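# Observations on the model geometry
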Amino acid sequence: MNAEITLVGAEFVQRFTATRRGARLARRLAVHQLDEWGVPYGSELSDDVAVIVAELAANAVVHGYVPGRDFELRLTADAAGLRIEVSDARGERRPEMSAPEVGSEAGHGLHLVEALAAKWGVAERVIGKTVWAECRTGGPAPWTVARPSRKCHDRPSPAAAEPTR
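Residues numbered from 1 in each chain as written. Predicted model: local features only at pLDDT ≥ 70, side-chain atom pairs only at ≥ 80, totals over all residues. Heavy atoms only, no water.

### Regarding the layout of surface pockets
The volume enclosed by the second largest pocket comes to roughly 170 Å³. For the second largest pocket, the full set of lining residues is R20, A23, R24, R27, A54, A58, V61 and V62. Looking at the lining of the second largest pocket, the elements with two or more residues in it are α1 (20–36) and α2 (44–63). When grouped by side-chain class, the residues that make up the lining of the second largest pocket number 5 nonpolar, no polar and 3 charged. (1 Å grid on protein atoms, 1.4 Å probe; cavity = no way out; pocket = protein on both sides within 12 Å on 5 of 7 lines; lining within 4 Å. Points joined across faces, edges and corners; volume = space filled by probe spheres on them. Helix = DSSP H or I, 4+ residues; strand = E, 2+ residues; numbered from the N terminus. Nonpolar A, V, L, I, M, F, W, Y, C, P; charged D, E, K, R; others polar.)

### Digging into the pairing of strand β5 (residues 119–124)
Here 6 bridges tie β5 to strand β6 (residues 129–135), and the two strands are oriented antiparallel to one another. Bridge pairing in β6 places A123 opposite T130. (Pairing = 2+ DSSP bridges.)

### Describing the environment of A99
Position of A99 relative to the elements: it lies in the loop between β4 (81–88) and α3 (109–116). Residue class for A99 comes out exposed when judged on its relative accessible area of 69%. A99 sits 12 residues away from H111 along the chain, and the two C-alpha atoms are 9.0 Å apart. (Buried < 20%, exposed > 50% of the residue type's maximum accessible area, 1.4 Å probe, protein only.)

### Some thoughts on the pattern of salt bridges
Side chains that differ in charge, positive against negative, can pair when their charged atoms come close. Scanning all chains against the criterion turns up 11 salt bridges. Among the charged side chains, a network of salt bridges with common partners joins E11, R15, E72, R74, R83, E85, K119, E134 and R136. (Salt bridge = Lys/Arg side-chain N within 4 Å of Asp/Glu carboxyl O.)

### Regarding the sheet that holds β5
Ordered in space as β2-β3-β4-β6-β5, the 5 strands form an open sheet in which the pairing is antiparallel. Of all strands in the sheet, those with a lone pairing partner are β2 (10–16) and β5, marking the two edges. When the angles between neighbouring strand axes are averaged without regard to direction, this sheet yields 15°. In the sheet, β2 pairs with strand β3 (residues 71–78) via 7 bridges, with the strands oriented antiparallel. Within the sheet, the bridge partner assigned to R15 lies in β3 and is E72. On the sheet, α2 packs against β3, β4 and β6 and is oriented at approximately 15° with respect to β4. (Axes fitted to C-alpha atoms, helices over the stretch in contact; angles between N-to-C directions. Contact = heavy atoms within 4.5 Å.)

### Considerations on the confidence of the model for the protein chain
Mean pLDDT over the protein chain: 83, with 78% of residues reaching 70 or higher. Residue range residues 1–6 is modelled with pLDDT below 50. Its contacts to residues more than four positions away, or to other chains, number 19 contacts. For residues 151–155, every residue scores under 50 in pLDDT, and the model assigns this stretch 5 contacts once sequence neighbours within four places are set aside. (pLDDT = per-residue confidence, 0-100.)

### Some thoughts on α3
Of all the residues in α3, the buried ones are G109, L110 and V113. Seen from one end, α3 has its buried residues packed into an arc of 90°, which puts them on one side. Against α2, β5 and β6 lie the buried residues of α3. (Arc of directions from axis to C-beta.)

Here you go:
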């Protein structure tokens, strides 16, 4: 039996250490999760989400760092699109859009987020803040289209794939 699955209201939540390695892992797991939801690696949406998560996670590590506290990535997929949230423990340090200095490698992150996301903003939390961005799919969201589920028992065993002698 090949079951059909439709993900509506799917959610992915993970905490990461507030380090550069944690930020890289957040980006990699975000695109992996999108692939699981039907958005292939290298697609425009996957690439946009990778950049947005990378920028928001890097900001959480650099500007939202509190010793001993992690940051959290949350992806929420629904029929309207995808919401990306990165939460950290520093509520007093809110992101600011400023003109980057000429030749500077820093200061471009939120400009990228603004260019790639349909909208973005900051929400207060009891402890810290959440910076969020929303992406629209431009059509039916891949995770709302019924497709065959991938289950281990649906795949042929390696022994069955080998020809008999």
